[in-house]
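Structural overview
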Amino acid sequence: MIPAGTVLFRADPVLARQLLTSMTRGGRRLYIFVNGTVSSQINELLAQLDTAVIMRSASNVGQGAALNAIVSAAADAGDEHIVLFDQDSSPDPSYPECLFDAVASVYSEAHLAA
């Protein structure tokens, strides 16, 4: 499975739960950067995610730095690909693989045409 990642900053607990539970179905690894303090509801949710790699900063380091940390952690773990979602996304659980297949198809067709 292609891993997914997101940055949580002042996240709405309901929306965060939708994204995080959707993306961890089937054992998908999920990289989460907690960018500053979060509610007790978010902390309880994070504690329930078995396949999550959770990084935290006590203060807001910015979206770019947080995304860079996610990508670095995924690369360090040997992941060749990762799909990043905004914290209020609600993708279908199959979206990372569908996106990868679409990109791979376009890439393959471009090489055949060259």
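Residues numbered from 1 in each chain as written. Predicted model: local features only at pLDDT ≥ 70, side-chain atom pairs only at ≥ 80, totals over all residues. Heavy atoms only, no water.

1. Observations concerning the pairing of strand β3 (residues 52-57)
Two strands pair when backbone bridges link them, and strand β2 (residues 30-35) and β3 are joined in this way by six bridges, in the parallel orientation. When the sheet's bridge partners are listed, V34 is paired in β3 with R56. As a crossover connection, the stretch from β2 through helix α2 (residues 40-47) into β3 is right-handed. (Pairing = 2+ DSSP bridges. Helix = DSSP H or I, 4+ residues; strand = E, 2+ residues; numbered from the N terminus. Right-handed = clockwise from strand over helix to strand, strands pointing away.)

2. A closer look at unusual backbone geometry
Positive phi is not limited to glycine here, since R10 has a value of about 50°. Topologically, R10 is positioned in the loop between β1 (4-8) and α1 (13-24).

3. What about the sheet that holds β3?
Pairing is parallel in the open sheet, where four strands are placed in the order β3-β2-β1-β4. The open sheet has two free edges, formed respectively by β3 and β4 (83-85), since each of these has just one partner strand. Taking each pair of neighbouring strands and ignoring which way they run, the sheet shows an average axis angle of 20°. (Axes fitted to C-alpha atoms, helices over the stretch in contact; angles between N-to-C directions.)

4. Looking at the side chain of Q87
With respect to the secondary-structure elements, Q87 resides in the loop between β4 and α4 (95-113). For Q87, the side chain forms a polar contact with the main-chain nitrogen of F9, separated by 2.7 Å. Sequence-distant contacts of Q87, that is, excluding residues within four places in its chain, are made with T6, V7, L8, F9, R10, A11, L15, A16 and L19. (Polar contact = N/O pair within 3.5 Å; in protein donor to acceptor, adjacent residues only side chain to side chain. Contact = heavy atoms within 4.5 Å.)

5. Things to note about the nonpolar core
Taken as a class, soluble globular proteins show a tendency for nonpolar side chains to be buried jointly. In this structure, L8, L20, I32 and L46 are the most contacted members of the largest nonpolar core, which totals 17 residues. Where this core is concerned, the elements lending two or more residues are β1, α1, β2, α2 and β4. Ranked by residue count, the leading element in this core is α1, at four residues. Counting eight residues, the second-largest nonpolar core is a separate cluster that includes Y31, F33, M55 and A73. (Core = buried A, V, L, I, M, F, W, Y, C linked by side-chain atoms within 4.5 Å. Buried < 20%, exposed > 50% of the residue type's maximum accessible area, 1.4 Å probe, protein only.)

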